[in-house]
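One-letter residues, chain by chain:
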Amino acid sequence: HEALDRGINLIDTAPIYGLGHSEEIVGKAIRRRRDEAIVATKCGLLFPASPDELPSRCLKPESIIRECDASLHRLHVEVIDLYLCHWPDPNTPIKETMQALVELQVRGKIRAIGLSNFNIEQISLAREFGSVHCLQPNFSLLNRRAADDLLPYCREHDTAVIPYSPL
């Protein structure tokens, strides 16, 4: 609430953060202030079966649809403002992933589509099948690689950027 009171209006979370707990906390926090918050969350990292496993990547359409519905429920919102693919999935064609995201947009479950950790080749291919509104690269004073290619690409294609790990 303090962040919203001070004009911070973007809340960026993901189901993998706390295995859904982060989205539940965000949902409770914005319940009576939904119109003040832009909610971004992600799909594509599945909960591991045990604590010693890493999450697997999955951007298959049925998984994206299921994950979106679960996020909507945990967040207690009718629509997700920005829905990002957390990491590329080498086992699912980008065309299928984008078709699922566009379907969610048409159904009114998400407003905008984003990609996190995708390279320019993957982003360009995704754009063949739908709009990519936002990219989320790792970018900081110590990791400036995005300045070489991703940031100029975003400028050229009028695509928003929300860097992660900026500090």
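Above this text is the structure in question.
Residues numbered from 1 in each chain as written. Predicted model: local features only at pLDDT ≥ 70, side-chain atom pairs only at ≥ 80, totals over all residues. Heavy atoms only, no water.

Looking now at the side chain of R33. Its place among the elements puts R33 in the loop between helix 2 (21-30) and strand 2 (38-43). Taking the relative accessible area as the measure of exposure, R33 reaches 15% and is therefore buried. Within polar-contact distance, the side chain of R33 engages the side chain of E36 at 2.8 Å. Excluding anything up to four places from it in sequence, R33 contacts H1, L4 and D5. (Helix = DSSP H or I, 4+ residues; strand = E, 2+ residues; numbered from the N terminus. Buried < 20%, exposed > 50% of the residue type's maximum accessible area, 1.4 Å probe, protein only. Polar contact = N/O pair within 3.5 Å; in protein donor to acceptor, adjacent residues only side chain to side chain. Contact = heavy atoms within 4.5 Å.)

Another aspect to go through is the packing of helix 3 (residues 61-75) against helix 4 (residues 94-106). The contact between helix 3 and helix 4 brings their axes to 8 Å, and the two run at 35°. Regarding helix 3 and helix 4, the two cross each other, and that crossing is right-handed. On the side of helix 3, the interface is formed by P61, I64, I65 and C68, while helix 4 contributes E96, T97, A100, L101, E103 and L104. Classifying every residue of the contact of helix 3 with helix 4 by side-chain character gives seven nonpolar, one polar and two charged. (Axes fitted to C-alpha atoms, helices over the stretch in contact; angles between N-to-C directions. Left-handed = near helix turned anticlockwise from the far one by under 90°. Nonpolar A, V, L, I, M, F, W, Y, C, P; charged D, E, K, R; others polar.)

Another aspect to go through is the pattern of salt bridges. Per the stated rule, a full pass over the model turns up nine salt bridges. Here E2 and R6 are joined by a salt bridge, their closest N and O atoms 2.6 Å apart. Taking the relative accessible area as the measure of exposure, R6 reaches 67% and is therefore exposed. D81 is the salt-bridge partner of R111, the closest N and O atoms lying 2.3 Å from each other. You can see R111 sitting in strand 6 (residues 110-116) and its partner D81 sitting in strand 5 (residues 80-85), a full 30 residues away along the chain. (Salt bridge = Lys/Arg side-chain N within 4 Å of Asp/Glu carboxyl O.)

The next thing to look at is the environment of H76. In this fold, H76 is placed in the loop between helix 3 and strand 5. C-alpha of H76 to C-alpha of I30: the two residues are 46 residues apart in sequence and 8.7 Å apart in space.

Turning our attention to the pairing of strand 5. Strand 5 sits mainly inside the fold: six of its six residues count as buried. Here strand 2 pairs with strand 5 via four bridges, running parallel. Considered in strand 5, the bridge of A40 is made with L82. Strand direction decides the pairing type here: strand 5 and strand 6, joined by five bridges, are parallel. When the sheet's bridge partners are listed, I80 is paired in strand 6 with I110. (Pairing = 2+ DSSP bridges.)

Classification of D81 as buried rests on a relative accessible area of 12%. Within the structure, the side chain of D81 is placed 3.0 Å from the side chain of R34, a separation counted as a polar contact. Residue contacts for D81: discarding those within four places in its chain leaves R34, A37, I38, V39, R111 and A112.

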